[in-house]
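# Architecture at a glance
Take a look at the letters that make up each chain.
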Amino acid sequence: MANNDTNIDQYRRRFLERSTAVLAAGVIAPGVFLHTVANARPADEAVTSKVRWGMLVDSGKCKTGCDKCVKACEVENGLTRTGRPEIDAQWIRKVTLKNKQTGHTTSLPMLCQHCAEPPCVDVCPTGASFKRADGIVLVDKHICIGCRYCMMACPYKARSFIHEDITDQKAHAPRGKGTVESCTFCVHRVDKGQSPACVSACDEGAMVFGDMNDPQSEISQRLREVQSMEIRGDLGLNLGVRYQGI
Amino acid sequence: MPGVRIMMRVAVLLFLVTPVWAGTPVPEIPKGKGQQCVEDTAMMRTNHMEFILHQRDDTMHRGIRTKKHSLKECIECHAVKGDDGMPVSVESPKHFCSVCHRYAAVSIDCFQCHNSKPEIKLTGDRNGQ
Amino acid sequence: MKYPVCREIEGKSSAYVALLVILGGLVALGLGAAIYMEHQGHHVTGMNNQIVWGMPHVFAVFLIVAASGALNVASISSVFGKVVYKPLAPLSGLLAIALLVGGLVVLVLDLGHPDRLIVAMTNYNFKSIFAWNIFLYNGFLAVVAVYLWMLMERRMNTYTKAAGMVAFVWRLILTTGTGSIFGFLVARQFYDAAIMAPMFIVMSFSFGLAVFILVLFVSFWGTGRPMGEVIVDRMRSLLSLFVLAVLFLVAIFHVTNLYATEHHGIESFILRDGGIYTMMFWVGYVFVGSVLPLLLLNFSGSSRSEVVAVSAGLVILGGLAMMYVIIIGGQAYPLVMFPGYEVVSDFSDGVVNVYRPSLPEILLGMGGVAFALTIVAFGVKVLRFLPLSLADKDIDPHYRPDTAGGATASGA
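Just so you know, these numbers come straight off a predicted model, no measurement behind them. (Residues numbered from 1 in each chain as written. Chains lettered and ligands numbered in written order. Predicted model: local features only at pLDDT ≥ 70, side-chain atom pairs only at ≥ 80, totals over all residues. Heavy atoms only, no water.)

Residue and element names in this part refer to chain A. Here the structure, examined in full by the defined rule, presents 32 salt bridges over all chains. Ionic pairing is found between glutamate 76 and arginine 189, a salt bridge with its closest N-O pair at 3.4 Å. With glutamate 76 in helix α3 (residues 68-77) and arginine 189 in helix α6 (residues 187-190), the pair connects residues that are 113 residues apart, well separated along the chain. Accessibility assignment for this pair places glutamate 76 and arginine 189 in one class, buried. Here arginine 222 ties to glutamate 218 by a salt bridge, and the two come within 3.9 Å at their closest N and O atoms. Pair noted here: arginine 222 and glutamate 218 are both in helix α8 (residues 218-225), with a separation of four residues, about one helical turn. (Salt bridge = Lys/Arg side-chain N within 4 Å of Asp/Glu carboxyl O. Helix = DSSP H or I, 4+ residues; strand = E, 2+ residues; numbered from the N terminus. Buried < 20%, exposed > 50% of the residue type's maximum accessible area, 1.4 Å probe, protein only.)

So, about the interface of chain A and chain C. Interface size is often expressed as the accessible area that is lost when the parts come together. Taken together, the contacts link 51 residues of chain A with 54 residues of chain C. Both faces considered, chain A and chain C share a buried interface measuring about 4,600 Å² in area, 55% of it formed by carbon and sulfur atoms. Between the two partners, chain A and chain C, sit four salt bridges. Residues aspartate 349 of chain C and lysine 157 of chain A are paired through a salt bridge, measuring 3.8 Å at the closest nitrogen-oxygen approach. (Contact = heavy atoms within 4.5 Å. Buried area = accessible area lost by both parts, 1.4 Å probe.)

This part is about helix α10 (residues 264-273) of chain C. Three- or four-residue spacings in an α-helix give side chains the same orientation, since the helix completes a turn every 3.6 residues. All names here are of chain C. By the burial criterion, the buried members of α10 are Ile266, Glu267, Phe269, Ile270 and Leu271. All buried residues of α10 fall inside an arc of 165° around its axis, so they share one side. The positive-phi residue at the C-terminal boundary of α10 is glycine 275, with phi of around 60°. (Arc of directions from axis to C-beta.)

Here the focus is the confidence of the model for chain A. All names here are of chain A. Per-residue confidence for chain A gives a mean pLDDT of 87, with 84% of residues at or over 70. Within chain A, helix α2 (residues 31-34) has the poorest average pLDDT of any element, 38, and strand β5 (residues 137-139) the best, 98. Segment residues 1-8: pLDDT under 50, and one contact once partners within four positions in sequence are set aside and those in other chains are kept. Note that residues 21-38 has pLDDT below 50 and, in this model, 14 contacts with residues that lie over four places away or in other chains. (pLDDT = per-residue confidence, 0-100.)

Given below as structure tokens:
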């Protein structure tokens with residue numbers, strides 16, 4: 001299964017690189033042809049709101065004590081541990097819930113919920129916190145002044161502030177001291193037509209990633225079929241991450 | 001104001017004995033990979049920051065990931081190897097960006113977040129490329 | 001009544017020089033701390049990914065709140081036409097500017113990227129109350145500067161009332177904006193309340209006046225200029241009123257929260273189980289910062305300036321304690337993401353977050369206070385901010401030699 005994924009990914013990437021080469025040579029490849037690859041948008045085309053990326057987490061399948069998604073995220077995005085957990089960046093974390101009355105426990109990953117109405121974007125004074133047209137909430141670190149108001153505003157503690165110098169970042173995940181960051185839905189992978197690293201890493205199949213605006217996508221079908229919920233749905237933020245089985 | 005006059009004279013004297021008088025020293029710019037940069041050299045020298053800035057906003061906000069003006073590609077092409085055969089970081093005066101930026105005393109903060117060295121391709125799905 | 005005369009202070013005494021040296025030293029320490037924090041990154045502070053705003057914000061928000069409050073005395077004179085306060089108006093304006101600048105400097109120097117101040121000035125997200133505050137703060141400085149000009153240049157005096165009115169309205173909006181920084185945080189149990197804005201306004205009245213009183217009295221003692229009972233008594237009753245008003249709104253805030261079961265967690269945390277925060281609230285704010293000054297101001301049987309000054313000092317300490325409770329305490333209490341569940345993770349979910357203020361942070365905050373006071377100390381030397389006399393005969397329109405001290409019935 002995982003092997004299969006990689007093959008598809010490699011195929012997509014080779015395809016993308018070829019088409020980029022063609023474009024760079026100044027030949028405009030026919031859009032119709034490019035669109036035949038599922039989810040792979042040409043490199044020179046801007047994201048649109050026709051797509052809304054989303055994730056469905058099945059907490060019933062999420063194993064307590066398993067942190068493969070967290071590890072995969074750290075490797076993919078080059079997050080390193082400082083030895084002081086309270087200042088470590090954490091884009092995705094495992095949370096265990098215990099019902100106070102029944103004692104029933106549930107395990108699930110928490111990450112940026114990629115709200116349609118993100119409070120972090122509302123409060124950001126410079127507009128560094130923003131939502132891409134396809135629903136991915138990002139921090140533009142070029143204009144982030146490090147005021148941390150977004151961290152105060154986020155209902156999910158999804159954001160981290162970088163407290164010290166960082167070197168040897170991943171080329172696709174630039175990050176540096178004095179700015180705020182959070183889960184990007186692995187935007188660099190999504191733009192290549194791949195799933196986020198955490199989703200690919202989950203052997204249990206507890207996470208589904210896809211376009212919530214496409215009625216045919218796996219995630220849309222699943223969301224139609226199963227009972228799902230949004231964390232702090234009372235805030236009405238229309239989240240990009242949904243949970244089933246809580 | 002005799003003090004000022006003396007200082008002026010000293011300044012002129014210093015100017016005359018420095019290499020400036022002998023001929024302006026210019027930075028020695030390391031060559032990149034391949035024959036030609038994405039734009040011609042004169043264009044890049046004056047406008048590289050505009051290209052990168054434009055691309056930065058396009059990539060960040062609109063998801064446009066063309067390679068022509070991407071900083072990542074600059075880093076790939078213009079990597080300078082150090083004594084150990086590995087690419088040097090921007091901390092080194094030999095780094096492609098450092099050579100000029102140190103000379104012109106223009107500080108850049110790109111590399112607070114971006115890696116100034118090309119990525120070493122070892123992991124996972126990057127094999128076989 | 002004579003036209004109130006303000007004059008520069010001589011500023012040659014050794015006490016004045018010593019004051020400047022001490023303030024300058026504190027400013028230098030604060031600046032050094034800021035450079036250290038900026039160079040090292042915020043890991044050298046007590047702030048972390050759970051407590052994202054710390055000591056610098058306690059000081060900065062206090063200074064900003066006090067700044068708008070410091071303008072009150074001027075407003076009472078220019079907008080509400082109380083003649084007694086007229087000689088105090090210039091100092092009130094100066095102090096307002098100084099405190100705001102001090103607060104903003106702290107806020108800016110604490111940023112992850114103070115070097116990008118220009119970005120904050122050129123990129124605006126108008127849905128952000130923070131972005132609005134950048135305008136409100138800068139605008140406040142401009143408005144108060146114009147007001148001071150109208151006030152202090154004789155030929156512009158006719159516009160004093162209009163300028164004072166603009167400044168007064170502006171300061172109300174400004175404090176509303178500051179309070180809303182917290183009030184708009186929908187996710188946080190302790191902050192998400194509309195009452196934050198009015199509460200901040202009343203707090204500004206109280207803290208701002210307290211700072212004003214201390215600065216005024218100290219500069220009068222220092223310069224040996226005469227100060228009568230009328231002004232001291234006015235300050236006494238005004239401060240007393242404002243302290244009571246804050247206490248009232250704080251009580252309303254907590255009682256409203258206590259009514260909603262949803263907020264019982266955070267309330268019992270702040271009021272009963274929060275350790276340092278509970279102590280800061282009850283001992284720091286309620287006792288030292290409110291009850292004690294109220295007793296001193298009203299029942300010590302003395303209108304002596306020393307008593308009023310000590311009370312003002314206590315109000316300031318209480319105010320800082322209150323800011324600590326609001327800013328740090330509000331973050332220390334775990335975010336409620338799953339009501340009815342016990343939450344465990346390795347990212348401090350479901351536990352009270354720990355915050356230990358570090359020295360650099362405190363020095364930065366103190367540096368801001370010192371910077372504000374330096375501006376005032378320097379200001380009163382170079383321009384005519386400080387009245388020559390606050391003796392009863394010089395300021396009280398109802399003054400009669402035989403009833404000196406008895407002309408306070410009109411109240412504030």
